[in-house]
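# Structural features, examined
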Amino acid sequence: MDHPRRASRAPLKEAAPAARHSRFRGASGWRWSRALLVGLWAGSTGFSYAQSVSLSGISGSKALVVIDGAAPRFLAAGQAHQGVRLVSVQGESAVVEIGGQRQTLRLGEAPVSLGGGGAEAGGAQRVVLTADGSGHFMPQGQINGRAVQFMVDTGATQIIMGESEAKRINLDYQRGQRVTVQTANGTAPGYRVTLDSVRVGDAQVHAVAAIVLPQPMPFVLLGNSFLTRFQMQRNNDQLTLERRY
């Protein structure tokens, strides 16, 4: 059996404490598990947004790819996952295609952004966050120019917010892609949307994937659709985000 060659990947020196506290209770008493929010099923396939893709390993003619910070997945030439199709593998590189765009990925290199609008608007290249008294990173930020309260969650594949928060910031989420989310209480309907802009401190990125869920949430989870655009390093009570792309 071939053993995949893996790139050395240690962007996060220590998992943020927020990722270890998995349960919350909303105002309605509906309890949910953040750890299970990574399993999403989409009922349609016509939705397109910028995706970050990196090459984690190679085994023979297969490539181990990471899409939007989710778990690595092996693809053979011609296979596709979440809209990313593997075209070919050669040496320590692979060619993928998203929405007609082709990109060469190389082992050990930072993720590339493909599909959607994806262009960044500049801003700070480095942001330093300080944990609160409970060990959580709770930065103030903006979504589409509206102020929100984030909580950093390295276990969430995307930004996640409740419907009440989405309505407060005038997000037209019902025009997004309907999805079904697996939670601790079973399945729940939701909407996958693309946020025009997400800002934390002076760092702003565009075309960021998010999920809107029906239950109330005390804050917006700042997940990997934003975080993977940065190199993360934890040092005691500080989390440093260095922009990748």
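From a predicted model like this one, the values you see are computed outputs, not experimental measurements.

Conventions adopted
Residues numbered from 1 in each chain as written. Predicted model: local features only at pLDDT ≥ 70, side-chain atom pairs only at ≥ 80, totals over all residues. Heavy atoms only, no water. Phe/Tyr/Trp six-rings, centres within 6.5 Å; stacked < 30°, edge-to-face > 60°. Helix = DSSP H or I, 4+ residues; strand = E, 2+ residues; numbered from the N terminus. Buried < 20%, exposed > 50% of the residue type's maximum accessible area, 1.4 Å probe, protein only. pLDDT = per-residue confidence, 0-100. Contact = heavy atoms within 4.5 Å. Pairing = 2+ DSSP bridges. Axes fitted to C-alpha atoms, helices over the stretch in contact; angles between N-to-C directions. Salt bridge = Lys/Arg side-chain N within 4 Å of Asp/Glu carboxyl O.

Right, let's talk about the packing of aromatic side chains for a bit. Under the criterion given, the structure shown has two aromatic pairs. On the numbers, 5.4 Å between centres and 70° between planes, the contact of Tyr173 with Tyr191 is edge-to-face. Of the two residues, Tyr173 is situated in the loop between α1 (163–168) and β17 (177–183) and Tyr191 in strand β18 (residues 186–200); the sequence distance between them amounts to 18 residues. The two residues Tyr173 and Tyr191 agree in class, both being buried.

The next thing to look at is the confidence of the model for the protein chain. Per-residue confidence for the protein chain averages 75 on the pLDDT scale, and 70% of its residues sit at or above 70. Mean pLDDT across the secondary structure elements of the protein chain bottoms out at strand β2 (residues 23–25), with 33, and peaks at strand β20 (residues 220–222), with 96. Ignoring residues within four places in sequence, the model shows residues 116–122, a span with pLDDT below 50, making 18 contacts including any to other chains.

Let us now look at the sheet that holds strand β13 (residues 126–130). The three strands are arranged β13-β22-β21 in an open sheet whose pairing can be described as antiparallel. Edge positions in the open sheet fall to β13 and β21 (230–235), since each of these has one partner strand only. Neighbour-to-neighbour, the strand axes of this sheet turn through a mean angle of 20°, independent of strand direction. One ladder, built from five bridges, connects β13 with strand β22 (residues 238–243); its direction is antiparallel. Within β22, the position partnered with Arg126 by the bridge is Glu242.

So, on to unusual backbone geometry. One non-glycine residue, Asn170, adopts positive backbone phi at about 60°. Its place among the elements puts Asn170 in the loop between α1 and β17. The residue Asn236 is not glycine, and still its phi comes out positive at about 55°. On the secondary structure map, Asn236 appears in the loop between β21 and β22.

All right, on to the pattern of salt bridges then. All told, the structure shown has four salt bridges when counted by the stated rule. With a shortest N-O distance of 3.2 Å, Arg85 and Glu97 are connected by a salt bridge. Of the two residues, Arg85 is situated in strand β9 (residues 84–90) and Glu97 in strand β10 (residues 93–98); the sequence distance between them amounts to 12 residues.

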